[in-house]
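As a plain string of letters, each chain reads:
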Amino acid sequence: MLIHSREELRENIRKWRNTQAKIGLVPTMGALHEGHLSLVRQSLEECDKTVVSIFVNPIQFGPGEDFSRYPRTLDADVALLEKMVGEERDRLIVFSPDAETMYSPGFCTHVVVGGPALPLEGEKRPGHFQGVATVVLKLMLMTQADMAYFGQKDFQQAAVILRMVEDLDVPVCVKVCPIIREEDGLAMSSRNRYLSPEGRKQATVLYESLSLAEQLLRAGERHAPTLERNILEILHKKYEKEQVNYIERVDYVNFVDPKTLESVTEIGSSVVILLAVYVDGTRLIDNFFIDNL
Ligand code: PAF
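Residues numbered from 1 in each chain as written. Predicted model: local features only at pLDDT ≥ 70, side-chain atom pairs only at ≥ 80, totals over all residues. Heavy atoms only, no water.

Let's talk about the nonpolar core
- Judged by nonpolar contacts, the single largest core of 35 residues is most densely connected at Val 51, Phe 95, Met 102, Val 136, Met 140, Ile 161 and Met 164.
- Beyond its immediate chain neighbours, meaning those up to four positions away, Met 164 contacts Val 111, Val 113, Ala 133, Val 136, Leu 137, Met 140 and Val 170.
- Judged by nonpolar contacts, the second largest core, of 26 residues, contains Leu 217, Ile 231, Ile 247 and Val 253. (Core = buried A, V, L, I, M, F, W, Y, C linked by side-chain atoms within 4.5 Å. Buried < 20%, exposed > 50% of the residue type's maximum accessible area, 1.4 Å probe, protein only. Contact = heavy atoms within 4.5 Å.)

A closer look at the site of the ligand
- If you check the shell around the ligand, you find Pro 27, Thr 28, Met 29, Asn 57, Gln 60, Val 132, Val 135 and Gln 157 and nothing else.
- With respect to the ligand, the side chain of Gln 157 contributes an N or O atom lying 2.7 Å from an oxygen atom.
- If the ligand stood free it would expose 290 Å²; the protein chains cover 89% of that surface.
- Counting only elements with at least two residues in the shell around the ligand, the list comes to β2 (23-28) and α6 (128-143). (Near = heavy atom within 4 Å. Polar contact = N/O pair within 3.5 Å; in protein donor to acceptor, adjacent residues only side chain to side chain. Areas by Shrake-Rupley, 256 points an atom, 1.4 Å probe, with all protein chains shown as cover. Helix = DSSP H or I, 4+ residues; strand = E, 2+ residues; numbered from the N terminus.)

What about unusual backbone geometry?
- The backbone phi angle of Asp 169 is positive, close to 50°, even though this residue is not glycine.
- If you trace the backbone, Asp 169 turns up in the loop between α7 (155-167) and β6 (173-177).
- Asp 169 gets classed as exposed once you look at its relative accessible area, which sits at 67%.
- Backbone geometry at Leu 261 places phi at a positive 65°, although glycine is not the residue there.
- With respect to the element layout, Leu 261 can be found in the loop between β7 (247-256) and β8 (271-279).
- Overall, the relative accessible area of 2% leaves Leu 261 in the buried class.

Some details on the pairing of strand β5 (residues 147-151)
- When you tally the buried positions in β5, you get four out of five residues, the bulk of the element.
- Direction of pairing for β2 relative to β5: parallel, over a ladder of two bridges. Bridge pairing in β5 places Leu 25 opposite Ala 148.
- In the sheet, β5 pairs with β6 via five bridges, with the strands oriented parallel. (Pairing = 2+ DSSP bridges.)

Brief notes about the pattern of salt bridges
- If you walk through the whole model with that rule in mind, you get 18 salt bridges.
- Across the salt bridge formed by Glu 11 and Arg 14, the nearest N and O atoms sit 2.7 Å from each other. Note that Glu 11 and Arg 14 are positioned in helix α1 (residues 6-18) at a spacing of three residues, about one turn of the helix.
- For Arg 14, a relative accessible area of 44% puts it in the partly exposed group.
- For Asp 167, the salt bridge goes to Arg 163, with nearest N and O atoms at 2.6 Å. Of this pair, Asp 167 and Arg 163 both sit in helix α7, four residues apart, roughly one helical turn.
- Taking the relative accessible area as the measure of exposure, Arg 163 reaches 35% and is therefore partly exposed.
- Each of Glu 65, Glu 121, Lys 124, Arg 125, Arg 249, Asp 251 and Arg 283 takes part in a single network of salt bridges with overlapping partners. (Salt bridge = Lys/Arg side-chain N within 4 Å of Asp/Glu carboxyl O.)

Remarks on helix α2 (residues 34-46)
- Under the 1.5 Å per step criterion, the end-to-end length of α2 is 18 Å for 13 residues, consistent within 8% with the ideal 18 Å.
- Close packing links the buried residues of α2 with β2, β3 (49-54), α3 (74-85), β4 (92-95), β5 and β6. (Expected span 1.5 Å × (residues − 1).)

As for α7
- For α7, with 13 residues, the first-to-last C-alpha span of 18 Å sits near the 18 Å given by 1.5 Å per residue.
- Listing the buried residues of α7 in full gives Phe 155, Gln 156, Gln 157, Ala 158, Ala 159, Val 160, Ile 161, Met 164 and Val 165.
- Those residues of α7 that are buried lie in contact with α5 (121-124), α6, β5, β6, β8 and β9 (282-290).
- Of the residues flanking the end of α7, it is Asp 169, one or two places downstream, whose phi is positive at about 50°.

Examining the sheet that holds β5
- Read from one edge to the other, the open sheet built from six strands follows the order β1-β4-β3-β2-β5-β6, with strand pairing classed as parallel. In this open sheet, the two edge strands, each paired with only one partner strand, are β1 (2-3) and β6.
- Two elements, β2 and β3, share six bridges in a ladder whose sense is parallel. For Gly 24, the partnering residue across the bridge sits in β3 and is Thr 50.
- Helix-sheet contacts for α1 involve β1, β2, β3 and β4, and the interaxial angle to β4 is about 160°. (Axes fitted to C-alpha atoms, helices over the stretch in contact; angles between N-to-C directions.)

Put into structure tokens, the structure is as follows:
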């Protein structure tokens, strides 16, 4: 069922709550792909009812970012979700509010997370996590969710949400689900559709560089700056003379502690390698979480 207004959402949530239903929330910005669908699948497995929110959240985009051109494909998204639930339509609500519904006139309350929200994306995209935390907390409250599902693809985002939920005693169990990749390793993302065919081909270098770092790490190299240099070498690999290089700029490559997201130099038993790279005019992020070292 597609719902746009908060009153209608509230009414449905009230009915669900009266039957003691366990509610799962899958927050998205739409342009759904298999990564999102894996979250919805998990919510349907673990909860009686699921709300998938589809909202391109203006307050998490900075000036000059892709808010206006972000893909908006509501009809196709709803069709995908309806196909997924089939006969069990009453187990799913698609909540697609407009910006005025989420941010009524005079809106001026925000959630500011410190710690894991500060480095990396926090530095490169000031205000981004404030926008994310604010909308996610609002969605958790509006849906009265018991569970909420996020993809590991946005590792730092998940760490920020976990921190927020812990710090503010939000009664929601947050699940972080594995990255879903294309066959050639590219992490699925709504932004992949911006890539030209050649840019798309070269974008696999993110996965290649992370895979090499993991190999070296498992073979015994524990010095993060050395591994970072190896990753950068692959990202900046030379293309044939006549070939255009679509890897335009590396925003960051970093080895961090999985919980605090603080940089590490000597790697212990677990680490996350995070990277952000401009490919063909599009900023892509990816990560490997590596443990049992
Ligand atoms: O990951 C996203 O798509 C967004 O950041 C989220 C969590 C839906 C908040 O707008």
